[in-house]
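Commentary on secondary and tertiary structure
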Amino acid sequence: MENALIAFAVVLALIFARVPLVFAMSATGFAGLALELGTRPALAAISNTVIEAGMSYSLSVLPLFVLMGNFATRARLSEELYAASYAFIGHWRGGLASATVVACGGFGAICGSSIATAATMAKVAMPSMRRFGYSDSLATGAIAAGGTLGILIPPSVIMIIYGILTETSIGALFAAGLLPGVLALACYLAAVRLSTMIDPKAGPPGPRMNWADRLKTLRSVWGVLLLFAIVMGGMYGGVFTPTEAAGIGAGGAFLFALARRALSFRIAVDVLVESARTTTMMFAILIGALMFATYINYTGMPEALQHMVKQAGTAPLTVLLAIIGIYLILGCVLESISMVLLTVPVFFPLVTNLGYDPIWFGILVVCVVEISLITPPVGLNVYVLNSVLPDVSLRTIFRGVVPFVLGDIVRLAVLIAFPAVTLFLPNLLFK
Amino acid sequence: MTAAASQNLSAGQVVQGVLDWAAASLMFLLMAMTCVDVAGRYFFNHPLPGGLELTEITMVLLVFAGLPIVTTAREHVTVDIVPLIRNRWLQRVHLLLVDLIGVVCLSVLAWQLGLRSIRMTVVGDVTSQLRIPLGLMVWMLAGLSALAAMALLMRALFPRWSISSGRPASDH
């Protein structure tokens, strides 16, 4: 237990010294294993971990969903989503911000990454919010927070990693994300309401559209709906494995982009190269974290923690809330994927041992990761927006995000209090 | 990649171009294979032979093809919330140390994968369906790791040197 804590301290120290996460985690894991077991087994662990993770069929779902999201972005499906939600709710007070949030949710249904969702929607939604005189903080807050829906509404990179790490069904996790996703949307819409109630000038209503125009915009989102239906429907209908669903989704998004003449040969190559690099980056941290987790498991820290909790007789809910508290703190300083990779191997056995549902806990982890994406000092979504919209300061975006974080906390509380919201769909579909 | 059009190509640019093309092709292959496999199974009752192992090999090559470029372009995920030391000289030393940690990690990885590939070749490990030699594949992984280690070492020692042509060496 002490050794494990020292290892965690070393990793964090290295990370803060700007050592890339891969090297920080794998070097520490290797050093730990070498000290405990000797150099030979530790060296053997390196090539084993790399080859096992690199050649795992189930992990091929990651690059494929990344590719699907990138092709969907190029196919400009986001523009139609925004146009449609704008047509329906743009005339509300703060309607454009609300439309942004809804469109983000829709884009999250074909994209598994929050950062990609935020970056895509920023280009689509920001110009019209500017035109209608929305305050920068409300506009960017809505995009940053809406973007986090990318990992809650399936597909989701974080759910895939959690599923593989804990051997929980990825399909069930995806199903479990749907209702919380709808709840999150409702909370964000309430947050927009709240912002415009405090400052009505921040988000004036857009023009009201008639039903004929509304239905016309709805006709153009069929692309998104079709992709989502094939991918998710195929998975829940038991037609596809997650990897197959991801492959078909990527192929479908590719065809869409082709059909819309959004792809030249050069652009297609760019999308492929970009997706490949993202894959390399994700696998690098994945492999580093697996190396580190091998050592942590070897020290027996997860068991020691369980034992400690049992001895102290702490109530399960207290333990869960403590874990969520730890996540919220870690989320302020760590990048999302590595936070999940570093902590889930320790917390997962503890939580399931207390009798909590692994799928439900997975969704809670996704929710805290979402919060971490928009809270200072390293809210990644906020930084992405800042790079897409250099004229809006970080401070402005962080200010705009506040009401949405409140919404997130309400959502988290509801999900903890009523596990059924999360578990209803997976139980219906998978049991 | 645009560099291919210009006349003077450095070795680094050629390597980068080749790796980018390899990564892009592997990525496309991964997608196409999955689609063909599914279509074959449902419409023609005949899945892609050896689809599983092809997917696995494509993926691991894809991951490693990007390694040299992601590493030298400093695109690996790094947390930079703690401000750097002000003193420029100390800053250099700090960043040099950080890079050297990476160089050591990648070198050890290359060395271990190299050993492993020799073992696999001696035993004659092949995949079960298509009998693809695994030793050869792991040898490629070792080579790519070694390339990443060398390129990062160059970057560390000569900050202005860059394997990537498209992206100027950024100092962050």
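Structural data are supplied above this passage.
Described in the following lines is the structure provided in the data block. (Residues numbered from 1 in each chain as written. Chains lettered and ligands numbered in written order. Predicted model: local features only at pLDDT ≥ 70, side-chain atom pairs only at ≥ 80, totals over all residues. Heavy atoms only, no water.)

On to the packing of helix 10 (residues 170-198) of chain A against helix 21 (residues 419-430) of chain A, then. Residue and element names in this part refer to chain A. With their axes 7 Å apart at the nearest point, helix 10 and helix 21 run at an angle of 135 degrees to one another. Regarding the angle of helix 10 to helix 21, the classification is oblique. Considering how the two elements wind past one another, helix 10 and helix 21 form a crossing that is right-handed. Seen from helix 10, the contacting residues are Gly-171, Ala-172, Ala-175, Ala-176, Leu-178, Leu-179 and Pro-180; seen from helix 21, they are Val-421, Thr-422, Phe-424, Leu-425, Pro-426, Leu-429 and Phe-430. Of the residues in the contact of helix 10 with helix 21, the class split is 12 nonpolar, two polar and no charged. (Axes fitted to C-alpha atoms, helices over the stretch in contact; angles between N-to-C directions. Helix = DSSP H or I, 4+ residues; strand = E, 2+ residues; numbered from the N terminus. Parallel < 35°, antiparallel > 145°, perpendicular 65-115°, else oblique. Left-handed = near helix turned anticlockwise from the far one by under 90°. Contact = heavy atoms within 4.5 Å. Nonpolar A, V, L, I, M, F, W, Y, C, P; charged D, E, K, R; others polar.)

Right, let's get into the packing of helix 16 (residues 316-333) of chain A against helix 17 (residues 336-353) of chain A. All names here are of chain A. Where helix 16 contacts helix 17, the two axes come as close as 12 Å, and the packing angle between them is 175 degrees. One way to sum up the angle between helix 16 and helix 17 is to call them roughly antiparallel. The segment helix 16 lies against helix 17, with Val-319, Leu-320, Ile-323, Ile-326, Tyr-327, Leu-330 and Gly-331 engaging Met-339, Thr-343, Val-344, Phe-347, Leu-350 and Val-351. Residue composition of the contact of helix 16 with helix 17, grouped by class: 11 nonpolar, two polar and no charged.

Residue and element names in this part refer to chain A. Here helix 21 spans 16 Å end to end across 12 residues, near enough to the 16 Å set by a 1.5 Å rise per residue. Within the sequence span of helix 21, burial applies to Thr-422, Leu-423, Leu-425 and Pro-426. Mapping the buried residues of helix 21 onto a view down its axis gives an arc of 155 degrees, with all of them on the same face. Exposed residues pointing more than 90 degrees away from the buried face of helix 21 are listed as Ala-420 and Leu-428. Buried residues in helix 21 make contact with helix 10, helix 18 (358-374) and helix 20 (394-417). (Expected span 1.5 Å × (residues − 1). Buried < 20%, exposed > 50% of the residue type's maximum accessible area, 1.4 Å probe, protein only. Arc of directions from axis to C-beta.)

Attention shifts here to the interface of chain B and chain A. In this complex, chain B contributes 58 residues to the contact, which on the side of chain A involves 57 residues. For the pair chain B and chain A, the summed buried area comes to about 5,000 Å², and 77% of that belongs to carbon and sulfur atoms. Three residues stand out in chain B for area buried against chain A, namely Met-27, Val-77 and Val-79 of chain B, and they jointly supply 13% of the buried area on that side. Linking chain B with chain A are three salt bridges. Ionic pairing is found between Arg-41 of chain B and Glu-244 of chain A, a salt bridge with its closest N-O pair at 2.2 Å. Applying the counting rule to chain B against chain A returns eight residue pairs in polar contact (both at pLDDT 80 or more). When contributions to the side of chain B that touches chain A are tallied by element, the ones reaching two or more residues are helix 1 (11-43), helix 2 (51-65), helix 3 (67-72), helix 4 (88-123) and helix 5 (134-157) of chain B. Ranked by residue count, the leading element in the side of chain B that touches chain A is helix 1 of chain B, at 15 residues. Across the side of chain B that touches chain A, the residue classes break down as 38 nonpolar, 12 polar and eight charged. (Buried area = accessible area lost by both parts, 1.4 Å probe. Salt bridge = Lys/Arg side-chain N within 4 Å of Asp/Glu carboxyl O. Polar contact = N/O pair within 3.5 Å; in protein donor to acceptor, adjacent residues only side chain to side chain.)

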